[in-house]
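For reference, the chains in residue letters:
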Amino acid sequence: MKFWNTKVLIVLILLLSFTNLSAQKLSPGPQVLTFHSDADDTEQPYGLYLPKNFDENKKYPLVIMLHGAGSNHRLALKRVFGKTNAEGETDVEASRYFQPWEDVDFIVASPYARGTAGYQGIPEEDVYDVLDDVKRRFKIDENRTYLTGLSMGGGGTLWIGLTRPDIWAAIAPVCPAPPEGTFDLASNALNFPIHFFHGDADPVVPVAGTRKWVQHLQDIGVEVSYKEFVDVKHDSWVSAYDNEFIFEWFGHAERNPFPNRVKFVSKQYKYNKAFWVQFDKMNLGTLAEIDANLNKPNAATITTKNLSAFTVNLKGHPKFNAATNVSFTIDGKTLTAKLDSSVSFVKNNNVWAVATSPIATGIVKKKGAEGPIYEAFSSRHIYVYGTADNPSPEESKKRADLATQAADWSHYRGEFLGRIMFFPRVLSDKEVRESDIESSNLILFGTKETNAMIAKYADKLPVHLSPADKAHGLLYVFPVDKHYVAVSSGLPWWSGAEDKGFPFVSVMHRRLPEFKDLFFFKDSSTNLIVNGNFSDDWKVTEDMKAKLSGSGAITITK
């Protein structure tokens, strides 16, 4: 009996211990959490602030804060609360601790986003992973989710805010340095307010850029506020975030998930949706535009540009009644449709009609299969070198070293920029597993004669470089199943590239965002022959054919 009682007691103790462990809660205040990144199977950190009287049953507003160049998630969390470094304190020293600050009734998250790497590609993916992780852990008010950032992070605020404008209730860029192409997206801000901050004496990011943004946004009817600080250089965030002002300003903004009017522009299927409109077919290489206004119940007026197919989804919209027909006037033509919630439209011979069949079939450019080259590097990917021709140990090492160099995003760039904390794998062709093919983009080095993975897809791929050629370099992207392959044959794409300018990324990766679908050169990557896009059905265009064939080094299969 005593033995039985002892066993029962042990079980009860274990159960109680497990219950206490599972009931452990995060402390209020500033701290650091991690999420698992599918991009390279690493744990990635982000700063987090929980209010003093955090209630797990309450929905909280959320602020996402993006750090600047040379900074990190810990410093960003301090900055947004108006905390700067102590006198004489370095960023390294300031990163080691969180000082006390006034409580706000917001949850705040500050992604590390791999360090100083901008906010496109993998870092952009990290921002959304942080957003998802916070929403998984806590109750977040989806209509009170805000975005801010400084310098590089201010640019990221504009890019991320404007490419997916239906997520944010308001955005606040501070001395922003946005990536190329962001300005074209300004009209996407129709449904949230923007507050800019900048110092008029900023020597790093000139204030003229922000003034241009503010003027343009005002001209197109966006709600925009601007504070310019006199005699302030590249530290306007000290004033912008002083006394936790940003939380007061954000507190007045709330997202309307069902706006009557949606203006949306995009060049990429990757960013093809805003609120109740979705782009299904864009004119290649152009900025597609839509201005959709549900101005009356079950009646919408829509104008488009460079768009040949789109979908409207009115589920949940207060002006939609599924019991009656909906009238759509599209570029002056009126159509009527009966719909449960969504309907698609297609333009044939310049005339709009209700779509009666799937819009995109086969190998065509669409979301997840649109290029350009940089898209293969913007999510989970593996670098693969060839061994199919049984190379010597010396040659095999040379090939492995080249692939490893291309995969080295994390090399040291000096005290200020540090490292990009991204660690993709490098494999030989014979080491690639079926799970890798199913889960990853593949960056393939060599030719179909030297790399078994290129040979595997050889019949599908549009071009091949002669294995005997030593003078040219070829890099192109192509969709295979649900992922991309990027084929690098001959000279590597960074051959002859000068290591100059502000090195946010290494010389191997710096020009990747400039490349279209296919990049072909002779002797040096500066001696360009082709930098062009495949056709909408992923074929080599006539202009590209002439230049590729003229080299004598390329075989065109499609």
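Structure: see above.
Residues numbered from 1 in each chain as written. Predicted model: local features only at pLDDT ≥ 70, side-chain atom pairs only at ≥ 80, totals over all residues. Heavy atoms only, no water.

S.K.: Outline the overall build of the protein chain, supporting the account with residue identities and numerical values.
M.R.: Secondary structure summary: the protein chain contains 12 helices and 27 strands in total. On C-alpha atoms alone, the protein chain measures out to a radius of gyration of 26 Å, which is about the 24 Å that the 2.2 N^0.38 rule sets for 558 residues. Principal-axis analysis of the C-alpha atoms gives the protein chain an extent of 75 × 70 × 70 Å. The 558 residues of the protein chain split such that 52% are buried. Within the protein chain, counting contacts between residues at least 6 apart in sequence, those at least 24 apart form 63% of the total. Counting only carbon and sulfur atoms, one obtains 51% of the accessible surface of the protein chain, whose full area is about 25400 Å². (Helix = DSSP H or I, 4+ residues; strand = E, 2+ residues; numbered from the N terminus. Rg over C-alpha atoms; globule rule 2.2 N^0.38 Å. Buried < 20%, exposed > 50% of the residue type's maximum accessible area, 1.4 Å probe, protein only. Contact = heavy atoms within 4.5 Å. Areas by Shrake-Rupley, 256 points an atom, 1.4 Å probe, with all protein chains shown as cover.)

S.K.: Explain the layout of surface pockets to me, using residue names and the numbers behind them.
M.R.: If you add up the space inside the second largest pocket, you get close to 980 Å³. Those elements that provide at least two residues to the lining of the second largest pocket are α4 (122-137), β5 (140-150), β11 (277-282), β14 (307-313) and β24 (483-490). By residue number, the principal contributor to the lining of the second largest pocket is α4, which donates 6 residues. (1 Å grid on protein atoms, 1.4 Å probe; cavity = no way out; pocket = protein on both sides within 12 Å on 5 of 7 lines; lining within 4 Å. Points joined across faces, edges and corners; volume = space filled by probe spheres on them.)

S.K.: Can you tell me about the packing of aromatic side chains, naming the residues and giving the values?
M.R.: Summed over the entire model, instances satisfying the criterion amount to 31 aromatic pairs. Ring centres of Tyr49 and Trp101 lie 6.0 Å apart, and the angle between their planes is 45°; this geometry places the pair in the tilted category. Of this pair, Tyr49 sits in strand β2 (residues 42-50) while Trp101 sits in the loop between α3 (91-94) and β4 (107-111); the two residues are 52 residues apart in sequence, bridging distant segments of the chain. Overall, Trp101 belongs to the buried group, its relative accessible area being 13%. Note on Trp249 and Phe250: the rings are 5.6 Å apart at their centroids and 50° apart in plane angle, and the pair reads as tilted. Take Trp249 and Phe250: they sit in the same class, and that class is buried. Grouped by ring-pair contacts, the aromatic residues Tyr49, Phe81, Phe98, Trp101, Phe106, Tyr146, Phe247, Trp249 and Phe250 constitute a single cluster. Over the ring of Tyr128 we find Arg164, and its NZ or CZ is 4.2 Å from the ring centre. Positioned above the aromatic ring of Phe183 is the side chain of Lys212, whose terminal nitrogen or guanidinium carbon lies 4.6 Å from the ring centre. (Phe/Tyr/Trp six-rings, centres within 6.5 Å; stacked < 30°, edge-to-face > 60°. Lys NZ or Arg CZ within 6 Å of the ring centre and 35° of its normal.)

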